[in-house]
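The lines below spell out each chain.
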Amino acid sequence: MKKVFLVLAALCGMSAWAADSEPVAAVDVATVDVSDDYLEDEELEEVPQSPWSADFKGLYFGLGSGSFNGCGSLVKEVGVLQVVGAKYTFGDRNSFSLGAGYQYKTYALKKDYRFDTDVLSGATVIDMWEPNTAKTSSLLRLHTIQFPLTYAKGFGKKWHITVGGVLNWNFYASYNNSFKENNTTYSSTTNKLCQRKVSADVLVGVAYNKIALYARYSPCKLFKSGCGPEIDNVWTIGIGLGL
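Fair warning: this is a prediction, and the values are worked out from it, not measured in the lab.

Quick notes on the rules
- Residues numbered from 1 in each chain as written.
- Predicted model: local features only at pLDDT ≥ 70, side-chain atom pairs only at ≥ 80, totals over all residues.
- Heavy atoms only, no water.
- Helix = DSSP H or I, 4+ residues; strand = E, 2+ residues; numbered from the N terminus.
- Contact = heavy atoms within 4.5 Å.
- Polar contact = N/O pair within 3.5 Å; in protein donor to acceptor, adjacent residues only side chain to side chain.
- Disulfide = S-S within 2.5 Å.
- Buried < 20%, exposed > 50% of the residue type's maximum accessible area, 1.4 Å probe, protein only.
- Core = buried A, V, L, I, M, F, W, Y, C linked by side-chain atoms within 4.5 Å.

A.B. asks: Would you take a moment to explain the environment of Ser 218 for this structure?
C.D. replies: Structurally, Ser 218 can be placed in strand β11 (residues 211–218). As for Ser 218 and Asp 232, which are separated by 14 residues in sequence, their C-alpha atoms are 7.9 Å apart. Apart from residues lying up to four places away in sequence, Ser 218 is in contact with Lys 105, Ala 200, Asp 201 and Val 234. Among the polar contacts made by the side chain of Ser 218, one reaches the side chain of Lys 105 at a distance of 3.4 Å. Among the polar contacts made by the side chain of Ser 218, one reaches the side chain of Asp 201 at a distance of 2.9 Å.

Written as structure tokens, this is what we have:
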């Protein structure tokens, strides 16, 4: 009887504790539906690049020859083909380029000949040095602003070829004569020659990376009609950086 009483007392105590306790709310676990579009990495949209870009074509140096009325000359040129310019790229490594640059060009006559000025007409002529004149040189200098228009095509990994034309504004020309006598060097310069202000050249080059070999041909006359000796077959071959 005592055991029954103890069991009943225990049951009553548990019922009272259950009655005083707050009910525990059921947790509703929601299922989140994740779309496949969010599981995949978001692809970034490619921003279209402009086909136009600034273009610089670097320093070059060339050697060649020309003939003034049959008198041969050594031709040297140095310049920057394109100081400022723009390039249009299209297709598979094709591009057109247009810009402006500077060139300094010299024509050195054979040692027996020199440039001179005709007293009556003022035209530039070619004459011979006096016999036994030592250490002679006669050099015509031409300063030019050039406007190249070129087409370039890439091939291989780092090769490209370039062809085009160059319009020249020959804004200044002069010639210098010097000779040596009795261990003294004498020199004189004649300025403001009657050169043609506008001329054109043909340019061809092949480059690997940034180093290029080029050939340049000048079919135009150097002087205005009646102002100087005709020069023909002027060509140069040289090396350049970034052409």
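A.B. asks: Would you mind going over the state of the cysteines with me for this structure?
C.D. replies: Covalent bonding between the sulfur atoms of two cysteines defines a disulfide. For the structure on display, the rule yields zero disulfides. Not part of a disulfide, Cys 194 finds its nearest cysteine sulfur in Cys 227, a span of 3.8 Å. Assessed through its relative accessible area of 34%, Cys 194 is described here as partly exposed. Judged by relative accessible area, Cys 227 falls into the buried class, the value being 18%.

A.B. asks: What is the right way to look at the nonpolar core in this model?
C.D. replies: Grouped burial of nonpolar side chains is what soluble globular proteins tend to show. Within the largest apolar cluster, 15 residues are counted, with the highest numbers of intra-cluster contacts made by Phe 68, Tyr 107, Leu 140 and Leu 222. Among residues more than four places away in sequence, those in contact with Phe 68 are Ser 73, Tyr 107, Leu 109, Phe 115, Ile 126, Leu 222, Phe 223, Pro 229, Glu 230 and Ile 231. If you look at the next biggest cluster of nonpolar residues, it comprises eight residues, including Val 166, Leu 203, Ala 207 and Tyr 214.

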